[in-house]
Amino acid sequence: SVVAEDQKFSLKEVLDTFKLCLTENKEVYLEHYVAGWRGLVKFLNSLGSVFGFISKDAVNKIKILVGYLEGDNGSQYVTIQSMMKYELDSGLVDLTKRGNHPESGCRTLLRLHRALRWLELFLERLRTSSEDGKTSVMCADAYNESLAQHHPWVIRKAAGMAFCMLPGRLAFLEVMNVGTPEQVVAMLGEALPLISEVYQITEELYAQNNMLDLP
Ligand code: 1Q0
């Protein structure tokens, strides 16, 4: 049905939102960045309830950012660059330890930003994997190389268990809703440089502002 089609995840849709993220002078639109995550969460939800604790956290962070976008100071949150400037200039970021601003846009987005690195590493493995490649292993390797460094033991443990529930490579490529495995691989090849560029630009911004370790 039309409704079912609407709710179906499509890799193309996520790809398109990440394409919209960058302005001409390489600023990152928060609205599209958040929309990209919405699409990914949709995908995660379609994989089953074992991933619920992960999507819940992502949804929570998306909601915080949307709250700022739609709030009274929404015009300050158009791009990641303007958000950083605004929050830093106004003293709205807890820089060294949690205090009065435990849910700043900067610290919230940093969590999604770190997860974007996981996504990049995972999708690159998926793209270059052979037919008998195991998604759970690709996912765990990508996680250990990135996000895991920022997570305490309990979360690493829970994440590790969830990864084991991932569908196999073929089923995984199928739910991306693109077409044949070859077509998915081609689309991943197109998507990855975009995701990577958005990641690099954001990483640079956090580094320049000494905010890579926001509590
Ligand atoms: C496909 C399997 C998905 C696996 C996702 C890997 C990430 C595992 C992360 C486990 C995190 C769990 C819960 C909570 C963590 C928070 O403590 C942590 C820090 O925040 P805070 O406020 O406590 O300081 N939060 C995070 O690190 C953010 C984690 C966000 C993860 C969002 C994952 C969204 C998943 C997308 C699925 C993409 C599938 C790829 C196919 C798409 C093709 C384009």
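Worth saying up front: this structure is predicted, and the values here are computed from it rather than measured. (Residues numbered from 1 in each chain as written. Predicted model: local features only at pLDDT ≥ 70, side-chain atom pairs only at ≥ 80, totals over all residues. Heavy atoms only, no water.)

## Observations regarding the overall build of the protein chain
Secondary structure summary: the protein chain contains ten helices and zero strands in total. The order of α-helices and β-strands along the protein chain, N terminus first, is α-α-α-α-α-α-α-α-α-α. Computed over C-alpha atoms, the radius of gyration of the protein chain comes to 17 Å, within 12% of the 17 Å expected from 2.2 N^0.38 for 215 residues, which places it in the range of a compact globule. Along the three orthogonal principal directions, the C-alpha set of the protein chain runs to about 50 × 40 × 30 Å. Taken across its 215 residues, the protein chain has 45% of its residues classed as buried. When contacts within the protein chain are restricted to residue pairs at least 6 apart in sequence, those whose partners lie at least 24 apart make up 70%. For the protein chain, the distance from the average position of its 22 positive side-chain charges to the average position of its 27 negative side-chain charges is 7 Å. (Helix = DSSP H or I, 4+ residues; strand = E, 2+ residues; numbered from the N terminus. Rg over C-alpha atoms; globule rule 2.2 N^0.38 Å. Buried < 20%, exposed > 50% of the residue type's maximum accessible area, 1.4 Å probe, protein only. Contact = heavy atoms within 4.5 Å. Lys, Arg positive; Asp, Glu negative; His and termini not counted. Charge placed at Lys NZ, Arg CZ, Asp CG, Glu CD.)

## Structural notes on the packing of aromatic side chains
One pass over the structure, following the stated rule, counts six aromatic pairs. Between the aromatic rings of F43 and F172, the centroid separation amounts to 5.3 Å while the plane-to-plane angle is 75°, which identifies the pairing as edge-to-face. With F43 in helix α3 (residues 30-46) and F172 in helix α9 (residues 169-175), this pair connects stretches of sequence that are 129 residues apart. Here F43 falls in the buried class, since its relative accessible area comes to 8%. Judged by relative accessible area, F172 falls into the buried class, the value being 3%. Centroid distance Y143 to F163: 5.3 Å. Interplanar angle 75°. Geometry classified as edge-to-face. Of this pair, Y143 sits in helix α7 (residues 135-145) while F163 sits in helix α8 (residues 153-163); the two residues are 20 residues apart in sequence, bridging distant segments of the chain. Residue classification places Y143 among the buried residues on the basis of a relative accessible area of 4%. Given the relative accessible area of 8%, F163 is considered buried. Through a chain of ring-to-ring contacts, three or more aromatic side chains come together here, namely F43, W118, F122 and F172. (Phe/Tyr/Trp six-rings, centres within 6.5 Å; stacked < 30°, edge-to-face > 60°.)

## Observations concerning the site of the ligand
In the vicinity of the ligand there are 23 residues, among which L11, D57, K61, R107 and H151 approach most closely. Contact between the ligand and D57: a nitrogen atom at 2.8 Å from a side-chain N or O atom of the residue. Take R107: an N or O atom from its side chain is 2.8 Å from an oxygen atom of the ligand. Compared with its free state, where it exposes 990 Å², the ligand has 90% of that area covered by protein. At a threshold of 2 Å from the grid points, most atoms of the ligand map onto the largest pocket. Looking at the shell around the ligand, the element that brings in the most residues is helix α6 (residues 105-128), giving six residues. (Near = heavy atom within 4 Å. Polar contact = N/O pair within 3.5 Å; in protein donor to acceptor, adjacent residues only side chain to side chain. Areas by Shrake-Rupley, 256 points an atom, 1.4 Å probe, with all protein chains shown as cover. 1 Å grid on protein atoms, 1.4 Å probe; cavity = no way out; pocket = protein on both sides within 12 Å on 5 of 7 lines; lining within 4 Å. Sits in = over half its atoms within 2 Å of the grid points.)

## Observations regarding the nonpolar core
Counting residues in hydrophobic clusters, the biggest one holds 67 residues, and the most contacted among them are Y33, I80, L116, L123, M176 and Y206. Look past the residues within four positions of L116 in its chain and what remains in contact with it is F18, Y33, W37, I195, V198 and Y199. (Core = buried A, V, L, I, M, F, W, Y, C linked by side-chain atoms within 4.5 Å.)

## Quick notes on the confidence of the model for the protein chain
Averaged over every residue, the pLDDT of the protein chain is 94; the share at 70 or more is 96%. Confidence metrics for the complex model read pTM 0.95 and ipTM 0.96. (pLDDT = per-residue confidence, 0-100.)

## Regarding the environment of A115
For A115, the location among the structural elements is in helix α6. Remark: the alpha-carbon pair of A115 and Y199, spanning 84 residues in sequence, is separated by 9.8 Å. The contact partners of A115, leaving out residues within four places of it in the chain, are W37 and L147.

## A word on the layout of surface pockets
One number sums up the size of the largest pocket: a volume of about 920 Å³. Elements represented by at least two residues in the lining of the largest pocket include exactly α2 (11-20), α3, α4 (52-69), α6, α7, α8 and α10 (181-208). Top contributing element to the lining of the largest pocket by residue count: α6, with nine residues. (Points joined across faces, edges and corners; volume = space filled by probe spheres on them.)

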